[in-house]
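Spelled out from the first residue to the last, the chains are:
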Amino acid sequence: MDRFKPLTRFSVSAIVVALFLSSLHFTCTEAYDALDPNGNITIKWDIISWTPDGYVAVVTMYNFQQYRHISPPGWTLGWTWAKKEISNSLRGFAVTWNVTCTYSQFLAQKTPTCCVSLSSFYNDTIVPCPTCTCGCQNNDTHPGSCVNANSPYLASVVNGPGKNSLTPLVQCTKHMCPIRVHWHVKLNYKEYWRVKVTVTNFNYRMNYSQWNLVVQHPNFDNLTQIFSFNYKPLTPYSSINDTAMLWGVKFYNDFLNQAGPLGNVQSELLFRKDKSTFTFEKGWAFPRRIYFNGDNCVMPPPDAYPHLPNASSRVKFSTLVFFMASLIFFCLFE
């Protein structure tokens, strides 16, 4: 929980507005996250003493969000008063005032910030992030700019003017996202199945410290082992355990470097099969949704997911194997 307590002093001219607000509790209902329904940042305003020309207040901020922290450059807090109100006399007032803020990704940025790509051991197809997910190359709709990874001018662009700018400078890709999460269905065992998750940073201007992933998949209630990531189950729907928060191990991979050879982190997850629900068909093995640092990542369309070979292909393959085995047997004993 992030908690801050700056002491603030205000003039009497603001007292009337503060007193009016003291009896109210504000909640922004325009933003709602189904995976963190009670997540919010609460700002508490307490008047602790009066002075001849105003009062002293303690402003406290609480972060009640489960998987969103305040990323660089940090947080700022400000307020404005509508008019120059003034009060000639005060009696019997006590201006606690709570403001509850909820996060809206749509209001925070114009375009998505991350996307998801998919692959599997049973299909050669690698499903990339959708084209122009976070913007298009050479298009005014993209909030930043891009540079090719093999460009001879890469170093000068990254280290040039504006290198500390918060405007993303991303590696040129078809999706143009600062972050890509890749989910690979790696292996299939008799009682278990294994997934490899890779997070790649394409932003040359951002190192992500204390990053986290939130992944929703129905088999998380049977997660057996996770390698090189931390894991915490999230249960936004009480008894349904299908959502997990993953984050890096301290001093090992909790720091996601900017774009380049070191700009990725990865882990593997081992799931136990529940025979009543487990299947590789119809995209079941892929996540329902993924968040990176609290932002919902864009998934590929379901009809593009890697699919199992169809029944006719399996029949043809089995027939071919049987034919070859029979031919070899016939040749050996001719």
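For the structure itself, consult the block above.
Everything numeric here is computed off the predicted structure, so don't read it as measured data.

Draft legend 1. Geometry of the overall build of the protein chain. Helix and strand counts for the protein chain come out as four helices and 21 strands. Scored against the burial criterion, the 334 residues of the protein chain give a buried share of 41%.

Draft legend 2. Highlighting the sheet that holds strand S12 (residues 192–201). Read from one edge of the open sheet, six strands run S8-S7-S11-S12-S19-S15, paired in mixed fashion. Whereas interior strands pair on both sides, the edge strands pair on one side only; in this sheet they are strand S8 (123–127) and strand S15 (223–227). Shown here is a sheet whose adjacent strand axes are inclined to one another by a mean of 15°, direction ignored. Bridging between strand S7 (residues 114–120) and strand S11 (residues 179–188) involves seven bridges; their strand directions are parallel. Looking across to S11, one finds that Val116 is bridged to Val181.

Draft legend 3. Highlighting the environment of Cys132. Of note, Cys132 is situated in the loop between S8 and strand S9 (145–147). Exposure remark for Cys132: the relative accessible area of 32% places this residue in the partly exposed category. Not counting residues up to four positions away in its chain, the partners in contact with Cys132 are Lys174 and His175.

Draft legend 4. Representation of the environment of Phe106. Mapped onto the elements of the fold, Phe106 is located in helix H2 (residues 105–108). According to the relative accessible area criterion, Phe106 is exposed, its value standing at 79%. When the C-alpha atoms of Phe106 and Asp295 are compared, they prove to be 9.7 Å apart, with 189 residues separating the residues in sequence.

Draft legend 5. Structural context of a nonpolar patch on the surface. A surface patch of nonpolar side chains, about 320 Å² in accessible area, is lined by Ile70, Trp75, Leu77 and Trp79. When you line up the elements, Trp75 lands in the loop between strand S5 (54–63) and strand S6 (97–101).

Draft legend 6. Fine view of the packing of aromatic side chains. Summed over all chains, the structure comprises 16 aromatic pairs. Taking 5.4 Å as the distance between ring centres and 70° as the angle between the ring planes, the aromatic pair formed by Phe220 and Phe271 counts as edge-to-face. With a gap of 51 residues between them, Phe220 in the loop between strand S14 (212–216) and S15 and Phe271 in strand S19 (residues 264–272) connect regions that are remote in the sequence. With respect to class, Phe220 is no different from Phe271; both count as buried. What links up through ring pairs into an aromatic cluster is the set Phe121, Tyr122, Trp193, Phe220, Tyr231, Phe271, Phe278, Phe280 and Trp284.

Draft legend 7. Quick look at the pairing of strand S17 (residues 243–248). Within S17, five of the six residues are buried, which leaves it mostly tucked inside the rest of the structure. Where strand S16 (residues 229–234) lies against S17, six bridges are found, and the strand directions are antiparallel. Following the sheet pairing, Lys232 is matched in S17 by Met245.

Draft legend 8. Focus on the side chain of Thr200. When you line up the elements, Thr200 lands in strand S12. Classification of Thr200 by relative accessible area gives buried; the value is 14%. Excluding residues within four positions of it along the chain, Thr200 makes contact with Pro178, Ile179, Arg180, Gly263 and Asn264.

Draft legend 9. Focus on the pattern of salt bridges. Tallied over the entire structure, the rule returns two salt bridges. Between Glu268 and Lys186 there is a salt bridge, with the nearest N and O atoms lying 2.5 Å from each other. With Glu268 in strand S19 and Lys186 in strand S11, this residue pair connects regions lying 82 residues apart in the sequence.

Reading the values: rules and limits
Residues numbered from 1 in each chain as written. Predicted model: local features only at pLDDT ≥ 70, side-chain atom pairs only at ≥ 80, totals over all residues. Heavy atoms only, no water. Helix = DSSP H or I, 4+ residues; strand = E, 2+ residues; numbered from the N terminus. Buried < 20%, exposed > 50% of the residue type's maximum accessible area, 1.4 Å probe, protein only. Pairing = 2+ DSSP bridges. Axes fitted to C-alpha atoms, helices over the stretch in contact; angles between N-to-C directions. Contact = heavy atoms within 4.5 Å. Patch = residues over 30% accessible without salt bridge, like charges linked within 9 Å, V, L, I, M, F, W, Y side chains within 5 Å. Areas by Shrake-Rupley, 256 points an atom, 1.4 Å probe, with all protein chains shown as cover. Salt bridge = Lys/Arg side-chain N within 4 Å of Asp/Glu carboxyl O. Phe/Tyr/Trp six-rings, centres within 6.5 Å; stacked < 30°, edge-to-face > 60°.

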